[in-house]
Amino acid sequence: MIVRPLLRLVARREWRGAHHLPGQGGHIVVINHISHVDPFAYGHFQYKNGLPPRFLVKSSLFTVPVVGAFLRATGQIPVERNSHRAADALHAAVAALERGRCVALYPEGTLTTDPDLWPGRPKTGAARLALTTGAPVIPVAQWGSHKILPPYGNGKRRLLPRPTLVVAAGPPVDLSDFHGAELTAAVLRQASERIMAAVTELLEEIREEKRPLSQPGENR
């Protein structure tokens, strides 16, 4: 009631690949992260096309007045970063999937630090969750939110002409060759890279350009 009218006011929408979103049953969505507007853009896309998402959100936001109440009321999942309680988020995410929810993650764990806004190196949380539960992993790429609110204050906001928020979902990532394997660091890393590669491929289609080849020392 609040967010969608605001998004319509400040941006155009272009939704792609919604047919890849499961109509029911627990599933994991992995998304690139280029702006603090991202959760609203993707959330609108997901809500419009099926189940509302449950994000893994850093726990400090749950203590912010109004914001914390909103996060709790919508069933978001707190993450205690760098603490012995970090595993609680995994248990909560597993429980949400078992209840047939959509669990949404940013594989990088934060806004991309790439100057050209390509995805960075993924963490292994999404892969661990997928291989633990067997839930399908749907890659999603988004573009345009950085024109409304650039990451880290870099760049200029551009509200006129209204930017277009593009959100594109792809087919589930095939992780079948990892099922039943011991969840070693190597297995989780390989699965994570495959998940991020699917997101990057979608982003290349949106941007109509190929991601530059990695250079030594770059986090690409």
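Residues numbered from 1 in each chain as written. Predicted model: local features only at pLDDT ≥ 70, side-chain atom pairs only at ≥ 80, totals over all residues. Heavy atoms only, no water.

## Re the pairing of strand β7 (residues 164-169)
The side chains of a regular strand alternate between both faces of the sheet.
Step number 1: Of all six residues that make up β7, five are buried, and the element is covered over most of its length.
Step number 2: Here five bridges tie strand β1 (residues 12-16) to β7, and the two strands are oriented parallel to one another. If you follow Arg12 over to β7, its bridge partner there is Thr164.
Step number 3: Bridge analysis of strand β6 (residues 137-143) against β7 gives four bridges, and the strand direction is antiparallel. Paired with Ala141 across the two strands is Ala168, which belongs to β7. (Buried < 20%, exposed > 50% of the residue type's maximum accessible area, 1.4 Å probe, protein only. Helix = DSSP H or I, 4+ residues; strand = E, 2+ residues; numbered from the N terminus. Pairing = 2+ DSSP bridges.)

## Regarding the nonpolar core
Step number 1: Ranked by size, the top nonpolar core spans 28 residues in total, and within it Ile28, Leu129, Val137 and Leu175 carry the most contacts.
Step number 2: In this structure, Ile28 is in contact with Leu97, Val103, Leu105, Ala126, Leu129, Ala130, Thr133, Ala135, Pro136, Val137 and Ile138, ignoring residues within four places of it in sequence.
Step number 3: Val57, Phe62, Val167 and Ala169 belong to the second-largest nonpolar core, a separate cluster that totals 16 residues. (Core = buried A, V, L, I, M, F, W, Y, C linked by side-chain atoms within 4.5 Å. Contact = heavy atoms within 4.5 Å.)

## Some points on the sheet that holds strand β5 (residues 102-105)
Step number 1: Pairing is mixed in the open sheet, where seven strands are placed in the order β1-β7-β6-β2-β5-β3-β4. Each having just a single partner strand, β1 and β4 (77-79) make up the two edges of the open sheet. In this sheet, adjacent strand axes meet at a mean angle of 25° when their direction is disregarded.
Step number 2: In terms of strand pairing, strand β2 (residues 27-31) meets β6 through four bridges, oriented parallel. Bridging across to β6, Ile28 finds its partner in Val137.
Step number 3: Each of β1, β2, β3 (53-58), β5, β6 and β7 is contacted by helix α2 (residues 38-48), which is oriented at about 55° to β1, the strand it contacts most. (Axes fitted to C-alpha atoms, helices over the stretch in contact; angles between N-to-C directions.)

## Notes on the environment of Pro151
Step number 1: In this fold, Pro151 is placed in the loop between α6 (145-148) and β7.
Step number 2: It is 17 Å that separates the C-alpha atoms of Pro151 and Pro107, two residues lying 44 residues apart in sequence.
Step number 3: Excluding anything up to four places from it in sequence, Pro151 contacts Ile34, Leu111, Leu117 and His146.

## Quick word on the packing of aromatic side chains
Step number 1: Tallied over the entire structure, the rule returns three aromatic pairs.
Step number 2: Ring geometry for Trp15 against Phe45: centres 5.5 Å apart, planes inclined by 75°, an arrangement best described as edge-to-face. One end of the pair, Trp15, is in strand β1; the other, Phe45, is in helix α2, and 30 residues separate them in sequence.
Step number 3: Residue Trp15 is classed as partly exposed on the basis of its relative accessible area of 24%.
Step number 4: Judged by its relative accessible area of 0%, Phe45 falls in the buried class.
Step number 5: Centre to centre, the rings of Phe55 and Tyr106 are 6.0 Å apart; their planes meet at 20°, and the pair counts as stacked. Placement of Phe55 in strand β3 and of Tyr106 in the loop between β5 and α5 (125-133) is noted, with a sequence separation of 51 residues between them.
Step number 6: Given a relative accessible area of 14%, Tyr106 falls into the buried group.
Step number 7: Here the aromatic residues Tyr42, Phe55 and Tyr106 are joined through ring pairs into a cluster of three or more.
Step number 8: Between the NZ or CZ atom of Arg207 and the centre of the ring of Trp118, over which it lies, the distance is 3.9 Å. (Phe/Tyr/Trp six-rings, centres within 6.5 Å; stacked < 30°, edge-to-face > 60°. Lys NZ or Arg CZ within 6 Å of the ring centre and 35° of its normal.)

## A few points about the packing of α5 against helix α7 (residues 185-207)
Step number 1: Two numbers describe how α5 lies on α7: the axes approach to 8 Å, and their chain directions differ by 105°. By the angle between their axes, α5 is roughly perpendicular relative to α7. Listed contacts from α7 to Ala126, Ala127, Arg128 and Leu131 of α5 are Val187, Leu188, Ala191, Ser192 and Ile195.
Step number 2: Each residue belonging to the contact of α5 with α7 can be placed in one class, and the counts come to seven nonpolar, one polar and one charged. (Parallel < 35°, antiparallel > 145°, perpendicular 65-115°, else oblique. Nonpolar A, V, L, I, M, F, W, Y, C, P; charged D, E, K, R; others polar.)

## Regarding a nonpolar patch on the surface
Step number 1: On the surface, Met1, Ile2, Leu6 and Leu9 cluster together into a nonpolar patch covering about 550 Å² of accessible area.
Step number 2: Within the element layout of this structure, Leu9 appears in helix α1 (residues 3-10).
Step number 3: What makes Leu9 exposed here is its relative accessible area of 61%. (Patch = residues over 30% accessible without salt bridge, like charges linked within 9 Å, V, L, I, M, F, W, Y side chains within 5 Å. Areas by Shrake-Rupley, 256 points an atom, 1.4 Å probe, with all protein chains shown as cover. Salt bridge = Lys/Arg side-chain N within 4 Å of Asp/Glu carboxyl O.)

## A closer look at the packing of helix α4 (residues 87-98) against α5
Step number 1: At a minimum axis separation of 11 Å, α4 and α5 run at an interaxial angle of 50°. When the interaxial angle is binned, α4 and α5 end up oblique. Crossing geometry of α4 relative to α5 is assigned as right-handed. In contact with Leu90, Ala93, Val94 and Leu97 of α4, α5 contributes Arg128, Leu129 and Thr133.
Step number 2: Here the contact of α4 with α5 is composed, by residue class, of five nonpolar, one polar and one charged. (Left-handed = near helix turned anticlockwise from the far one by under 90°.)

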